[in-house]
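The lines below spell out each chain.
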Amino acid sequence: VWAGGGEVYAVGDGGLLLRRAEDRWQTLPSDCYEDLWGIAGSESKDLVLVGNRRTVVRFDGARGKEAVIGNHGFRDVWAAGREQVWAVGLGGDVARLTPGGWRLESAGTFADLNGVAGHGEEIVAVGAGGTGLERRAKGWGPVGGGTWQRLVAVVGGANKGEAWALGESGTLLHRVGSKWQNAGALPRGRYRDLSRQGGALAAVGDRGLLVVRRGGGWQRLATESPEDLTAVWTWGTGGVAVGTRGT
């Protein structure tokens, strides 16, 4: 899920692409039929969608254009600008969008990568078995510290060299400099995604799980949904979470 300019976009199975504006959801043409896992962009007229079977889609606000890149499937995408986009996925696949088009990079791992985020030129990716990677001047390398728990999401921090990563069982990691530090655990549950807005964090997971932290401890919020929540995006004092069965 991605939001900007008063609009919210979400992706899903079978190439599904939705836009929410003025409290209404609208289906948009994505130009693909593969299951989509991630969406990111610098503006609503330049979004990148990624998914199964090496699928990458550029969406211009009206229609998508599909491309096939890499060796496996993609699970997440992060964008800092129109020509600075990173996608990560299964088997350690990493692809970068440059002015000359998409280019594959060696991440030095075959672990599945589930999340990618950055702060300017600093890019961090996380995945299976607690895998944590950062892109340096000479290429990708491991981030010290961390956990053996499967990492499902990562978000950039407010400052340079800072990031937050979330484990499937609720372990929270905080990266400051070149190492991960254990930042405690979230309320019990199975987690799927993490979002940050200012100093606040929000996480979602199975069976309607939604928790937030605003300066103090974690608070579980009622969602009135039994469905698994798979993605979350926050802004100001609000946000949106999406999940299975059209939730």
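From a predicted model like this one, the values you see are computed outputs, not experimental measurements.

Concerning the environment of valine 176
Right, so step 1: Positionally, valine 176 belongs in strand β19 (residues 171-176).
Right, so step 2: In this structure the C-alpha to C-alpha distance between valine 176 and glutamine 219, which are 43 residues apart in sequence, comes to 24 Å.

So, the packing of aromatic side chains
The description of an aromatic ring pair rests on the distance of the ring centres and on the angle between the ring planes.
Right, so step 1: Tallied over the entire structure, the rule returns 4 aromatic pairs.
Right, so step 2: Taking 6.0 Å as the distance between ring centres and 80° as the angle between the ring planes, the aromatic pair formed by tryptophan 86 and tryptophan 140 counts as edge-to-face. A residue pair is termed long-range when its members are at least 10 positions apart, and tryptophan 86 in strand β10 (residues 84-89) and tryptophan 140 in strand β16 (residues 139-142) qualify at 54 residues.
Right, so step 3: Looking at tryptophan 140, the relative accessible area reads 12%, which means it is buried.
Right, so step 4: One aromatic cluster is present, formed by Trp2, Tyr9, Phe59 and Trp233 through successive ring pairs.
Right, so step 5: If you follow arginine 75 out to its NZ or CZ, it ends over the ring of tryptophan 37, 3.9 Å from the centre.

Regarding unusual backbone geometry
Right, so step 1: With a phi angle near 65°, aspartate 23 is a residue other than glycine that sits in the positive phi range.
Right, so step 2: Structurally, the position occupied by aspartate 23 is in the loop between β3 (17-21) and β4 (24-27).
Right, so step 3: On the basis of relative accessibility, which here comes to 64%, the residue aspartate 23 falls in the exposed class.
Right, so step 4: Despite not being glycine, arginine 53 shows a phi value in the positive range, around 55°.
Right, so step 5: On the secondary structure map, arginine 53 appears in the loop between β6 (46-51) and β7 (55-59).

Focus on the sheet that holds strand β22 (residues 200-205)
Right, so step 1: The 4 strands are arranged β21-β22-β23-β24 in an open sheet whose pairing can be described as antiparallel. For this open sheet the edge positions go to β21 (191-197) and β24 (218-220), each flanked by a neighbour on one side alone. On average, each strand axis in the sheet is inclined to that of its neighbour by 20°, with strand direction left out of account.
Right, so step 2: Both β21 and β22 contribute to a ladder of 6 bridges, which runs antiparallel. Within β22, the position partnered with arginine 196 by the bridge is leucine 201.

Considerations on the sheet that holds β16
Right, so step 1: If you walk across this open sheet you meet the 4 strands as β13-β14-β15-β16, and the pairing is antiparallel. Each of the sheet's edge strands pairs with one partner strand only, and the pair in question is β13 (113-119) and β16. Put simply, the sheet's adjacent strands are angled 25° from each other on average, direction ignored.
Right, so step 2: Note: β13 against strand β14 (residues 122-127), 6 bridges, orientation antiparallel. Residue glycine 118 lies in a different strand from β14, and its bridge partner there is isoleucine 123.

Calculation notes
Residues numbered from 1 in each chain as written. Predicted model: local features only at pLDDT ≥ 70, side-chain atom pairs only at ≥ 80, totals over all residues. Heavy atoms only, no water. Helix = DSSP H or I, 4+ residues; strand = E, 2+ residues; numbered from the N terminus. Phe/Tyr/Trp six-rings, centres within 6.5 Å; stacked < 30°, edge-to-face > 60°. Buried < 20%, exposed > 50% of the residue type's maximum accessible area, 1.4 Å probe, protein only. Lys NZ or Arg CZ within 6 Å of the ring centre and 35° of its normal. Pairing = 2+ DSSP bridges. Axes fitted to C-alpha atoms, helices over the stretch in contact; angles between N-to-C directions.

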